[in-house]
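Chain residues, written in single-letter form:
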Amino acid sequence: MGMDYSKITDWILREDCFDPEKLGKCEAVMSLGNGYLGLRSATEEHYFNEARGMFVAGTFNKFDADEVTELPNAADQTAIDIFINGERFSLSDGTTEDYTRELNIRTGELTRAMIWTSPKGAKVKLAFYRIVSLKRLHVIAQRMEITPINEEVSIKLKSGIDGTMTNTGSQHFSDGDKRFYEKRFIQFVQTTGQSGIHFVNTTVHKLNIDGRALPADAAVYIERRKIYGGFDLTVRAGETLAVEKYSNVYTSRDFDTEGMNVTQLQELSLNVSKELEALGYQALKEESASCWEEEVWKLAPIQIEGNAMDQFSIRFAQYHLRMMVPAHDARMNIGAKGLSGEGYKGHTFWDTEIFLLPYYIFTDPKTARKLEEYRYLSLPGAHAKAEHNHYQGAMFPWESAWLDDGEVTPEYMDVDILTGRPNKVWSGFIEQHITADVAFGVWQYSVITGDEDYMEKYGYELIMDTAIFWASRLEMGEDGKYHINDVVGPDEYREHVNDNAFTNYMAHWNMQKAMEYYHLLKDNKQELFQSLNQKMDLENAYAKWEDGCKNIYLPTPTKENILPQDDRYLSCRDIDLSKYKAQEHVAGITRDYNLEQINQIQVSKQADVLVLFFLLEDIFAKEVKKASWEHYEPRTLHDSSLSLSTHSVLACDMGEKDMAYDLFRKAAAIDLGPFMGSSDAGIHAASFGGVWECVVYGFGGVRMLGGRLRICPSLPEAWTKLAYTIIWQGQKLAVEITKDDVKIENLTGTQKVEVEVNGKACTF
Ligand code: BGC
């Protein structure tokens, strides 16, 4: 046995027809990146509807007092204006033949090729190549080839650094220092307005015709927020002009430039440009491709036999899961759109713990640890939020950005169709389950990896600090029970509800876990216990957790076995939802009803109670899950990309294979599917984690339950084989599932691993 990932041949996402009206999709889904920077795949030439974007993880800035902090759209280094015989190259004009744009997810290279005839008849063949290096995190490399087909042409290029980028109008940067060195190294320094982060960009070009090097010194231009070189060339028919452009970006927030002043950053960036120039595109591409091989495809190979699209979908998810994660720096986390667009402002949500973390825990624990260290490092913001709301402990922000920013959810979004005013976003105030989700992530990470060092330094404290918040959040009701009133649960179509089942059960779980760890530390780790006791007054906290756990109201199933989502849901009216269920775009219902009205209807934006079943699956009876599924799924519009994957995994658990497969394919189509507008603001990060969960948790049957590993697979009809690897407490297991067999091999083999396979206890 063993997996031969090299047999998997199709790694290419291809576009074979260019539509200048629908640029957003490819810009986002074909974006390039390495967790440090993310680059939208806007083309070299400009188009009216383009949304060029480059985002550097963690470089948050607040545009002004009325806006929340966001990841600024950094200077553009990829544009090249091309003029052939004086005519601007644009696929909107002239005619185009043999067009392809391809993203090779195995190597991380984006290519484009076409034959273009200008309006006046000059015919040229063009090819473009581009990478963001996975080896050198600061580096973007491009290559462009132009071959005149039937006549000599004059070619004029304008290329450099464009600092006029904005986040839909918000300009985050000063117009800083601009400089040419040796007439060819182009450098631009900009500083963010509020956070004061310096960005240093340097770009250099290398040109040749049929391999004969040309001088790269250019006519130089410096304008407001722009610096670029101009090149004038003549190329004969059949000859190929090749232009390589090497760019890098350094910022004063970088993990590897700590303590450097701007001048030092400038020197560093310039020296790096010289190195890149010497290496050339091909070498940069190859070294980056080997990193992709090592860091992703050999690390966590997944093989699906039986359907090529499904195989591609899971790999495509892995491609984005690598690009979006700032694996280099624990001070940053994953944005809801990764680094592929402005959407959600680069902010981190519960998406990380519930939908993304499992992938990293099971395949790349070091990176998973960084994500969970971020939560510890952002405790100052969580404490500030608790204090602001008169609670105690750590109350995590619904949306997080920089470590001490605290809550950064925008206050208003979209439109209330009745009042014509923007909708208030209540999540930042009352979507509070995030605090328990963070604690749940810590626990998952620690159990699956066995990383006691993390727990001692950060984890125990996080779980206790979050439990302190919950104890202070409980409200005593007339029934003698503690309630959690006025919240938004995971289903954001229901605002100001009481006793959201997800929130109450997770708060209970959080306090219970804190009590368990209290005993564990008191009995076995006295020193740590004492230091945490001093910090958090654990004796006093314990009494509150105990009281909270005993007396919290936990919604119970109705006589029809439905777990009520909140105190009102089941008494709201039903309407015919078929129109919204069938819509291609999301949130159609908000065009017909305002949120207040939606709150009176039995309709859900996304999985809510069902996520609870997914996380705490062993505390609910099968019948409750089934009846609840049957009640909620028909009323769920899946208007969040987080919804389908949870439903798919639960459908697998319920033995509904066909439904699970159908939902998996829909989840995979969120970014890969045919809806051209759906990814404009960026890819859907959590849905990529969700796709992995469908494959490995759902069909692959993996689950950590009460600290034990369980594998209970069920392949969809269309698949003949599924193979994946997971790391359980330091041991890498290769799992191969066929229609009638499950094989598991402990590839690390330094310790025994106990696994419950299809209900039977086994040791590997
Ligand atoms: C969903 C949230 C999610 C957020 C970011 C919203 O539309 O309702 O659950 O955390 O998007 O992905």
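Calculation rules
Residues numbered from 1 in each chain as written. Predicted model: local features only at pLDDT ≥ 70, side-chain atom pairs only at ≥ 80, totals over all residues. Heavy atoms only, no water. Helix = DSSP H or I, 4+ residues; strand = E, 2+ residues; numbered from the N terminus. Rg over C-alpha atoms; globule rule 2.2 N^0.38 Å. Buried < 20%, exposed > 50% of the residue type's maximum accessible area, 1.4 Å probe, protein only. Contact = heavy atoms within 4.5 Å. Pairing = 2+ DSSP bridges. Near = heavy atom within 4 Å. Polar contact = N/O pair within 3.5 Å; in protein donor to acceptor, adjacent residues only side chain to side chain. Areas by Shrake-Rupley, 256 points an atom, 1.4 Å probe, with all protein chains shown as cover. Nonpolar A, V, L, I, M, F, W, Y, C, P; charged D, E, K, R; others polar. Phe/Tyr/Trp six-rings, centres within 6.5 Å; stacked < 30°, edge-to-face > 60°. Lys NZ or Arg CZ within 6 Å of the ring centre and 35° of its normal. Expected span 1.5 Å × (residues − 1). Salt bridge = Lys/Arg side-chain N within 4 Å of Asp/Glu carboxyl O.

Draft legend 1. Molecular detail of the overall build of the protein. Helix and strand content of the protein: 19 helices and 30 strands. For 764 residues, the compact-globule estimate of 2.2 N^0.38 gives 27 Å, and the C-alpha radius of gyration of the protein, at 27 Å, lies within 12% of that figure. Overall, the C-alpha framework of the protein stretches about 85 × 60 × 55 Å when taken along its three principal axes. Residue burial in the protein is summarised as follows: out of 764 residues, 62% are buried. At a minimum sequence separation of 6, the contacts of the protein that also span at least 24 residues come to 68%.

Draft legend 2. Up close: the sheet that holds strand 17 (residues 226–235). The strand order across the open sheet built from 5 strands is 6-5-11-17-16, with neighbouring strands paired in antiparallel fashion. Two strands bound the open sheet, and with one partner strand each, they are strand 6 (87–88) and strand 16 (219–223). Pairing analysis gives 10 bridges linking strand 11 (residues 153–162) to strand 17, with the strands arranged antiparallel. Its bridge partner being in strand 17, Gly 160 is matched across the sheet by Tyr 228.

Draft legend 3. Spatial organisation of the sheet that holds strand 4 (residues 54–56). With antiparallel pairing, 3 strands are arranged side by side in an open sheet as 2-3-4. The open sheet has two free edges, formed respectively by strand 2 (32–33) and strand 4, since each of these has just one partner strand. Examined bridge by bridge, strand 2 and strand 3 (residues 37–39) share 2 bridges and lie antiparallel to one another. What sits directly across from Gly 33, in strand 3, is Gly 38.

Draft legend 4. Structural view of the site of the ligand. Near the ligand you find Ala 336, Tyr 344, Phe 349, Trp 350, Asp 351, Trp 398, Glu 492, Lys 605, Gln 606, Ser 640 and Leu 642, and these make up its full shell. Contacts to the ligand include Trp 350, whose side-chain N or O atom sits 3.0 Å from an oxygen atom. Gln 606 places a polar side-chain atom, nitrogen or oxygen, 2.6 Å from an oxygen atom of the ligand. Protein burial of the ligand: of its 310 Å² of free accessible surface, 93% is covered by the chains. Here the shell around the ligand is composed, by residue class, of 6 nonpolar, 2 polar and 3 charged.

Draft legend 5. Region of the structure containing the packing of aromatic side chains. Using the criterion set out here, one finds 44 aromatic pairs in the structure. Residues Tyr 518 and Phe 529 carry aromatic rings whose centres are separated by 5.2 Å and whose planes lie at 80° to one another, so their mutual orientation is edge-to-face. One end of the pair, Tyr 518, is in helix 10 (residues 501–524); the other, Phe 529, is in helix 11 (residues 526–536), and 11 residues separate them in sequence. For Phe 529, a relative accessible area of 2% puts it in the buried group. For the ring pair Phe 664 and Trp 719, a centre distance of 5.8 Å and an interplane angle of 90° mean the geometry is edge-to-face. Of the two residues, Phe 664 sits in helix 18 (residues 657–672) while Trp 719 sits in the loop between strand 25 (708–711) and strand 26 (721–728), which places them 55 residues apart along the sequence. According to the relative accessible area criterion, Phe 664 is buried, its value standing at 0%. Residue classification places Trp 719 among the buried residues on the basis of a relative accessible area of 0%. Taken together, the ring pairs connect Tyr 344, Phe 349, Trp 350, Phe 355, Trp 398 and Phe 502 into an aromatic cluster. Seen from the ring of Trp 11, Arg 315 lies directly overhead, with NZ or CZ sitting 3.8 Å from the centre.

Draft legend 6. Unusual backbone geometry, seen in detail. For Arg 225, which is not a glycine, the phi torsion comes out positive at approximately 55°. With respect to the secondary-structure elements, Arg 225 resides in the loop between strand 16 and strand 17. One non-glycine residue, His 390, adopts positive backbone phi at about 65°.

Draft legend 7. Structural detail: helix 5 (residues 365–377). A rise of 1.5 Å per residue sets the reference length of helix 5, with its 13 residues, at 18 Å; its end C-alpha atoms lie 18 Å apart and thus fit the reference within 8%. Here the buried face of helix 5 lies against helix 4 (351–363), helix 6 (379–388), helix 8 (434–449), helix 9 (452–473) and helix 11.

Draft legend 8. How the structure looks around the pattern of salt bridges. What the rule picks out here adds up to 56 salt bridges. In this structure, the salt-bridge partner of Asp 453 is Arg 369, at a minimum N-O distance of 3.0 Å. Note that Asp 453 is positioned in helix 9 and Arg 369 in helix 5, a separation of 84 residues in sequence. Overall, the relative accessible area of 36% leaves Asp 453 in the partly exposed class.

Draft legend 9. Highlighting the pairing of strand 9 (residues 123–132). Among the 10 residues that make up strand 9, 7 are buried, leaving the element largely enclosed by the rest of the structure. Examined bridge by bridge, strand 8 (residues 109–117) and strand 9 share 9 bridges and lie antiparallel to one another. Of the residues in strand 9, the one forming a bridge with Trp 116 is Val 124. Here strand 8 folds back onto strand 9, and the loop between the two strands holds 5 residues, one of which, Gly 121, carries a positive phi near 100°. Bridge analysis of strand 9 against strand 10 (residues 139–148) gives 9 bridges, and the strand direction is antiparallel. Paired with Phe 128 across the bridge in strand 10 is Met 144. Joining the antiparallel neighbours strand 9 and strand 10 is a turn of 6 residues.

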